[in-house]
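Structural features, examined
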Amino acid sequence: MNDPGMNDPGMNDPGMNDPGMSVRDTTAPFVPRVTAERAAVLSNDLVNSEYRRLVVATGPLAASAAPGQFFQLLCPAAPGNAPFFRRPMSVYGADPARQQVEFLYKVVGAGTKGLADLTTGQTLDIMGPLGHGFTLDPAWMHIVAVGRGAGLATLAPLAQAARQAGIGVTAILSARRPDLVVSDALFRSHGATVLTVTDAEGTSGPAHVEALLRTLIAQDRCGAFFTCGSARLLRVQQRLAQEFGLPGQVALEQQMACGLGMCFCCVRDFNVRGEILHKRVCWDGPVFDLQEALP
Amino acid sequence: MTDLSVTIGSIRLANPVMPASGTFAEGLAQVIDFNRLGALVTKTITRELRTGNPLPRVAEVEAGMLNAIGIPSKGVPYFLRHTLPLFRQWTAPLVVSISAPTAELFTTLAAEISLPGVSAIEANISCPNIEEDGKAFAMRAASTETVVRQLRAATKLPLWVKLTPNTGDIAEVARAAEHAGADALVVANTILAMAIDLQTFKPSLGNVMGGLSGPAIKPIVLRQVYQCARAVRIPIIGCGGICTAADAAEYMLAGATAVQVGTATFLHPGAMIEIIDGLAQFCAQHGLPRVSDLIGALKHEEVDEDDVAWTGAAA
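Residues numbered from 1 in each chain as written. Chains lettered and ligands numbered in written order. Predicted model: local features only at pLDDT ≥ 70, side-chain atom pairs only at ≥ 80, totals over all residues.

1. Here's the deal with the environment of Gln 219 of chain A
Following the sequence through the fold, Gln 219 of chain A ends up in the loop between helix H6 (206-218) and strand E11 (225-228). Taking the C-alpha atoms as reference points, Gln 219 of chain A and Phe 70 of chain A, 149 residues apart in sequence, are found 33 Å from one another. (Helix = DSSP H or I, 4+ residues; strand = E, 2+ residues; numbered from the N terminus.)

2. Thoughts on the sheet that holds strand E1 (residues 35-46) of chain A
All names here are of chain A. Within the open sheet, the seven strands sit side by side as E4-E3-E7-E1-E2-E6-E5. Their pairing is antiparallel. Looking at the sheet topology across the chains shown, the edges are occupied by strand E4 (87-90) and strand E5 (93-95). For this sheet the average axis-to-axis angle between neighbouring strands, irrespective of direction, equals 35°. Bridging between strand E2 (residues 51-57) and strand E6 (residues 100-106) involves seven bridges; their strand directions are antiparallel. Residue pairing for E6: Arg 52 is matched across the bridge by Tyr 105. (Pairing = 2+ DSSP bridges. Axes fitted to C-alpha atoms, helices over the stretch in contact; angles between N-to-C directions.)

3. Observations regarding the environment of Ala 174 of chain B
Residues and elements named next belong to chain B. With respect to the helices and strands, the residue Ala 174 is situated in helix H4 (residues 170-179). When the 29 C-beta atoms within 10 Å are taken as the criterion, Ala 174 is described as buried. Expressed as a C-alpha distance, the spacing of Ala 174 and Val 187, which sit 13 residues apart in the sequence, is 9.1 Å. In contact with Ala 174, not counting residues within four places along its chain, are Leu 163, Leu 185, Cys 228, Ala 231 and Val 232. (Buried ≥ 20, exposed ≤ 12 C-beta atoms within 10 Å, placed from the backbone. Contact = placed C-beta atoms within 7 Å.)

4. Brief notes about the sheet that holds strand E5 (residues 58-61) of chain B
Adjacent strands of a sheet pair through backbone hydrogen bonds, lying either parallel or antiparallel. All names here are of chain B. On the basis of which strands lie adjacent, the open sheet formed by four strands has the order E5-E6-E12-E11 and antiparallel pairing. The open sheet terminates on both sides in strands that have one partner only, identified here as E5 and strand E11 (191-194). Strand-to-strand, the axes of this sheet are offset by a mean angle of 40°, without reference to chain direction. Bridge analysis of E5 against strand E6 (residues 64-67) gives four bridges, and the strand direction is antiparallel. Among the inter-strand pairings, Ala 59 is bridged to a residue of E6, identified as Leu 66.

5. Observations concerning the packing of helix H2 (residues 103-112) of chain B against helix H3 (residues 141-154) of chain B
All names here are of chain B. For the pair H2 and H3, the least separation of the axes is 9 Å and the interaxial angle reads 25°. By the criterion of interaxial angle, the relationship of H2 to H3 is roughly parallel. As for the relative orientation of H2 and H3, their crossing is right-handed in sense. Between H2 and H3, the contacting residues are Ala 103, Phe 106, Thr 107, Ala 110 and Ala 111 on the first element and Thr 146, Val 147, Gln 150, Leu 151 and Ala 154 on the second. (Parallel < 35°, antiparallel > 145°, perpendicular 65-115°, else oblique. Left-handed = near helix turned anticlockwise from the far one by under 90°.)

6. What about the pairing of E2 of chain A?
Residue and element names in this part refer to chain A. As paired elements, E1 and E2 share six bridges and run antiparallel to each other. Along E2, the bridge assignment pairs Asn 44 with Leu 54. Linking two consecutive strands that pair antiparallel, namely E1 and E2, is a turn of four residues.

7. Considering helix H8 (residues 271-285) of chain B
For an α-helix the count is 3.6 residues per turn, leaving residues at separations of three or four pointing the same way. Residue and element names in this part refer to chain B. Taking 1.5 Å per residue as the helical rise, H8 with its 15 residues ought to reach 21 Å, and the 20 Å between its terminal C-alpha atoms agrees with that figure. Among the residues of H8, Ala 271, Met 272, Ile 275, Ile 276, Leu 279, Phe 282 and Cys 283 are the ones counted as buried. Axial view of H8: buried residues confined to an arc of 140°, hence all on one face. Residues of H8 that are exposed and point more than 90 degrees away from the buried face comprise Gln 281, Ala 284 and Gln 285. Within two residues after H8, Gly 287 carries a phi angle of roughly 65°, on the positive side. (Expected span 1.5 Å × (residues − 1). Arc of directions from axis to C-beta.)

Structure, rendered in structure tokens:
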């Protein structure tokens, strides 16, 4: 199996991905590693004119979600208007102590419309945590997170995880307008340096972002790239990572049905040492090696 | 306690609930205990390496899903090295789903995977037969009989034959499969369908057409299980839109000995476990000591007097 974890010993869930490694004691009691449960909505508020932050109370397994992992949400909707599948949603925050999980989302379709209508006290059927999240190497002094759109939510939990690992973070957050930038306060609250780039200010183009990244590399503040949400910014980072021999990880999106690697609907092409292979975003990812991703 | 065991030919299953091929893989073991399932059914394997169909491979429709995944397969050596040892760790009987573009290639594959640890072969003859202008083997009784007879000669393992619902006379196809030596029938596969995106005017699937599954197809496939059960003596495994224990009970009453659950698992990963528990409850509520008491227990009212029938219709 083409396991992204093979190149990356720090990947957080090597067991089930490699059939050869997953033989377990069948006499042992079954312990789930993914939960499907009804989580109580604690809050579901607008954070700006487009994005909402949903906080749900969960059991300990869901609340153990790692940065970059995701949940499959059974989004509520009016009869006749309901999406058939669950909707994948990356974790914006997970708090094992308070047993909470947070999502940051924009209403774009039937699924997220149903989420927006949830009110405190209602429940949401969540399944997770799913997939392989980001991996942090404590040897890195400083990393760079580059995101746009929904990718800003996916990258956000890196801020706390990096701080706990003693790794500094510079976040380059891209949006159409300054008022649509999300996750900036969260990154700052964990001591990250935040640079916002926007279409409105003419600063979000790849040339400008590349200049920012070259400065950070020159300052030794880019031990690794972490990115999500922009194909053109991914390409900039792939080029720079090659040029400077830097590692990186990218979180990818794809239409999903099962979320557990069963249906093979969410495959994408990856370049693995020169060979083009299909991988399942839900099962082999959603976080992949930066250089393997093909936009 | 309800006795949940059922017998499919020479195989005794702890309960009648198993996954439908294609909708099941080891990832689900993160959520549910596979040792509780009646059987395990692999994704369809082929001898040839297949990457699958262009994207999008699935689409949502009212009460169901369309898929045209395209049977991605890493071939037999990969199956022997990885998939088979992986599934052997669980106690439930392992059913290996196979497919091939010709009857001869079907038999080669069946022989190659007739190995210890494999409890039965499920021949997915709903795939296109390149020797019959791409029509699925199971669309016609003659091509069904040919491929099943050759498969029967190629393996001593129990042979389950998965039929397609996309045929005019499924009972005739079922009889042909039984006559050629099938030990059981899986009824059925997905229903050929399509959908169009009204924003882009493009087909919703990259493959244009695909298979419909989910609650939308349940009444249709239930009818086909009923028709097949009346036509053959071998056990039938019902498969089509089963989401709940009530759905499973309905299939068993129509004549199914066991059921397969597919699309429901994508929405509720615990669906099969809930159906197993729910069947036990259902039997207890109806005073049935064994789940096998449900098989074909459909009651037919005798309506042989015209005036009675007409009075009923007018009321």
